[in-house]
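The lines below spell out each chain.
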Amino acid sequence: MTIETSLIELFASVQGEGPLVGCAQVFVRFARCNLACRYCDTPVQPVPLARVERTPGRRDFFSVANPVTAAEASRLVRAFGLEFCHSVVLTGGEPLLQEGFLREFLPLVGGSRHGVYLETNGTLPDALAGVLDLVTFIAADVKLPLTSGTGPLWEEHRRFLSLAGKKTLFVKAVIGGRTGQDEVDRLVDLVAEVCPNAVLVLQPVTPVGGVPPVDPAAALAFQRRALARLGDVRLIPQTHHVMGQL
Ligand code: SF4
């Protein structure tokens, strides 16, 4: 049986977050999410028409009717020219809600230089297990409860990171004006225990919808304290907004 999914958009750009910032990538944004973070700036509701960029950076989109098959989505991705592409990014929304689709789709999008880069909220370990063999990089969020407003998800994150650590893993936590030292300490404990070789990225929140920004001194203090336990802790804001990219 062919599995279809709803896409929001496909475009080519550069990675705007984390240790691979600046790498050329093709992005596949899936509809739907299992969380509702207070700082979310991404459309996640399914739409009748997905938009596909014709020219990287120009935002000259054409429309494709949803839902799409894996074959159709892979044809659209390959049309960007994957030979110059670091990796194909699965983003959302939450891509792991589409586990069945991904198992059909990912074997069809070979040809990038380094494979598949999964951006995920890090809460669906069973779905990750189903696609783990098909991804190269995992950028997994850990949701700090006071910052995200999602409620505690520590056990889900623990199970997820235990598995994700088998791949090249970046752990990201958004920090803002509400972030508490206790929740950052708990994050650091989790990474130190479960995936100590992962890069930990503290990402200052991009203030949207009245979300308070993090105080720079507090951000540096979070990083410094985390570095007492972990080998690689970086403070990296979202950079794609600087060049007006998606
Ligand atoms: S997990 Fe990501 S896409 Fe989902 S609500 Fe939170 S910020 Fe938005």
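Preceding this paragraph is the structure being described.
A brief look at the structure comes next. None of the values given here were measured: they were computed from a predicted structure.

## Quick notes on unusual backbone geometry
When glycine is set aside, most residues are seen to have a negative phi, and most peptide bonds are trans. With an omega of -5°, the peptide bond running from N66 to P67 counts as cis. Along the chain, P67 turns up in the loop between β5 (61-65) and β6 (68-69). The omega angle of the peptide bond from G92 to G93 is 15°, so this bond is cis rather than trans. By the secondary structure assignment, G93 is in the loop between β7 (87-91) and α2 (99-105). Look at R32: it is not a glycine, yet its phi comes out positive at around 80°. If you trace the backbone, R32 turns up in the loop between β3 (24-30) and β4 (49-53). The backbone phi angle of R59 is positive, close to 60°, even though this residue is not glycine. In this fold, R59 is placed in the loop between β4 and β5. Residue R59 is classed as partly exposed on the basis of its relative accessible area, which comes to 42%.

## Description of the packing of aromatic side chains
By convention here, two paired aromatic rings are described through the distance between centres and the angle between planes. In this structure the tally under the stated criterion is 6 aromatic pairs. For the pair F11 and F27, a centre-to-centre distance of 4.9 Å together with 5° between the ring planes defines the contact as stacked. Residue F11 is located in strand β2 (residues 7-14), and its partner F27 is located in strand β3; the two are separated by 16 residues in the primary sequence. Here F11 matches F27 in class, with each residue buried. Each ring, one from F30 and one from F101, has its centre 6.0 Å from the other, and the planes form 75°; the classification is edge-to-face. Of this pair, F30 sits in strand β3 while F101 sits in helix α2, placing them 71 residues apart in sequence. A relative accessible area of 1% places F101 in the buried class.

## Remarks on the pattern of salt bridges
Counted under the stated rule, the structure contains 13 salt bridges. Where E72 meets R75, a salt bridge forms, and the shortest distance between an N and an O atom there is 3.3 Å. Remark: R75 and E72 occur in helix α1 (residues 70-78); sequence separation between them is 3 residues, near one turn of the helix. Using a relative accessible area of 43% as the deciding quantity, one classes R75 as partly exposed.

Criteria and thresholds
Residues numbered from 1 in each chain as written. Predicted model: local features only at pLDDT ≥ 70, side-chain atom pairs only at ≥ 80, totals over all residues. Heavy atoms only, no water. Helix = DSSP H or I, 4+ residues; strand = E, 2+ residues; numbered from the N terminus. Buried < 20%, exposed > 50% of the residue type's maximum accessible area, 1.4 Å probe, protein only. Phe/Tyr/Trp six-rings, centres within 6.5 Å; stacked < 30°, edge-to-face > 60°. Salt bridge = Lys/Arg side-chain N within 4 Å of Asp/Glu carboxyl O.

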